[in-house]
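A look at the structure
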Amino acid sequence: MTDQDTQFMQRALALAERGMYTTGANPRVGCVLVKNNEIIGEGWTQPVGQAHAEIEALNSCAGSPEGATAYVTLEPCSHHGRTPPCSNALIDAKISRLVAASIDPNPLVGGSGIEQLREAGIEVQTGLLDAENRALNCGFFSRMTRSRPWVRVKLAASLDGRTALASGESRWITSDEARADVQLWRARANCILTGVGTILADDPRMTVRLPQERWMIERGRQPLLAIVDSNCRTPLNAQIFDRDGKIVIYSNKNINMHEKCEVVYHLSASPSGQINLSGVLRDLADREINEVHVEAGAELAASLLKEDLIDELIVYVAPHLLGADAKSLFQFTGLDSMEHRPALKFTDVARVGPDVRLTLTPANDSKQAKR
């Protein structure tokens, strides 16, 4: 493939990013139609139930797409889901060539769209900017290949790694700019996950709060809120019940708590009554959740870490100190050797206002979905 192919695929990826906050359960896909080295149509996947990127591109065509090359960031779907197959639409449009960044990991597709196009006489090439597309769609690839969402844990800490004073006071460790940046991470996720300890300590709303115009354009709804609460201690007057959007509480008790929430009570894993976090993630995957944004206390964060369930860690570090008696990022003990310490690696470091945002992933990539 040529440099020009790369440029057109880069454009398709840029279009796919426009679906960052809107595609829901679907992957973020972009498509560019090129004829005589000129772009004649382009599009990106719309909210669930609406047109996919290929259909948007075909509908936007300035002229006939016959003989064109389609640059698509993900293999065209070949099955009837909420919408008809995109592979059929491209065949009917009589394109001559298709370049796809990635093969669709969905077992319902998984190469069948490519095969269908080739059988129709269309030249197909794959793999161009595959890694970039997988990173953009880490949650979709995770759900399809591991049957669980991509788990991103957000934490805020002082320079000495503390998240709150000994009294529990934590507002505010980081700056206005950092807290605004967090809203974008919340917005791109399908689910916000927290623990009952955070609900009891802070009474948060756990909502996405962006300017109304942008919020309406980009998503128009709140992510699912999931709470790990083994004994159903969430207060019925908590602010979360004033939010829009569905709430799921993972508990060991089969009770009706609130008209706005569903209690899932069958995921206890041990005599201690602790909730099976792997089971929680499988349940969320069954609900078509691609990305989970975790904002929780040190105990739940440590449990996810111990069970190798964290795929990405976002830590905002503020330039001040809270002291040795303040609360730590992760609540775990018992390390008897440096060899047993959880290993992470930096993937990004950025300034956000006066703070620093650190992005890390587990150092052992063999346990991660390929990005």
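This write-up is about the structure you can find in this document. (Residues numbered from 1 in each chain as written. Predicted model: local features only at pLDDT ≥ 70, side-chain atom pairs only at ≥ 80, totals over all residues. Heavy atoms only, no water.)

Looking at the pattern of salt bridges
- Counted according to the given criterion, the structure contains 18 salt bridges.
- Across the pair R152 and E291 runs a salt bridge whose closest N-O atoms are separated by 2.8 Å. Note that R152 is positioned in strand β6 (residues 150–157) and E291 in strand β12 (residues 291–294), a separation of 139 residues in sequence.
- R152 gets classed as buried once you look at its relative accessible area, which sits at 1%.
- With a closest N to O distance of 3.2 Å, E262 and K246 form a salt bridge. Of this pair, E262 sits in strand β11 (residues 261–264) while K246 sits in the loop between β9 (224–228) and β10 (247–250), and the two are 16 residues apart along the sequence.
- For E262, a relative accessible area of 29% gives the class partly exposed. (Salt bridge = Lys/Arg side-chain N within 4 Å of Asp/Glu carboxyl O. Helix = DSSP H or I, 4+ residues; strand = E, 2+ residues; numbered from the N terminus. Buried < 20%, exposed > 50% of the residue type's maximum accessible area, 1.4 Å probe, protein only.)

Structural notes on the nonpolar core
- Counting 36 residues, the largest nonpolar core has V153, Y250, L284, V294, L304 and F330 as its most contacted members.
- In terms of residue count, the dominant contributor to this core is helix α11 (residues 298–306) (five residues).
- Not counting residues within four places of it along the chain, the set of residues in contact with F330 comprises L155, A298, A301, A302, L305, I310 and L313. (Core = buried A, V, L, I, M, F, W, Y, C linked by side-chain atoms within 4.5 Å. Contact = heavy atoms within 4.5 Å.)

Regarding the side chain of T73
- Mapped onto the elements, T73 comes out in strand β3 (residues 69–74).
- The residues contacting T73, other than those within four sequence positions of it, are M9, A12, L13, A16, R28, V29, G30, A101, S102 and N133.

Here's the deal with the sheet that holds strand β2 (residues 38–44)
- In spatial order, the strands read β2-β1-β3-β4-β5; together these five strands make up an open sheet with mixed pairing. In the strand order of this sheet, the two ends are held by β2 and β5 (123–126), each with one partner. For this sheet, the mean angle separating the axes of adjacent strands, direction not counted, is 15°.
- In terms of strand pairing, strand β1 (residues 30–35) meets β2 through six bridges, oriented antiparallel. Its bridge partner lying in β2, V34 is registered against I39. (Pairing = 2+ DSSP bridges. Axes fitted to C-alpha atoms, helices over the stretch in contact; angles between N-to-C directions.)

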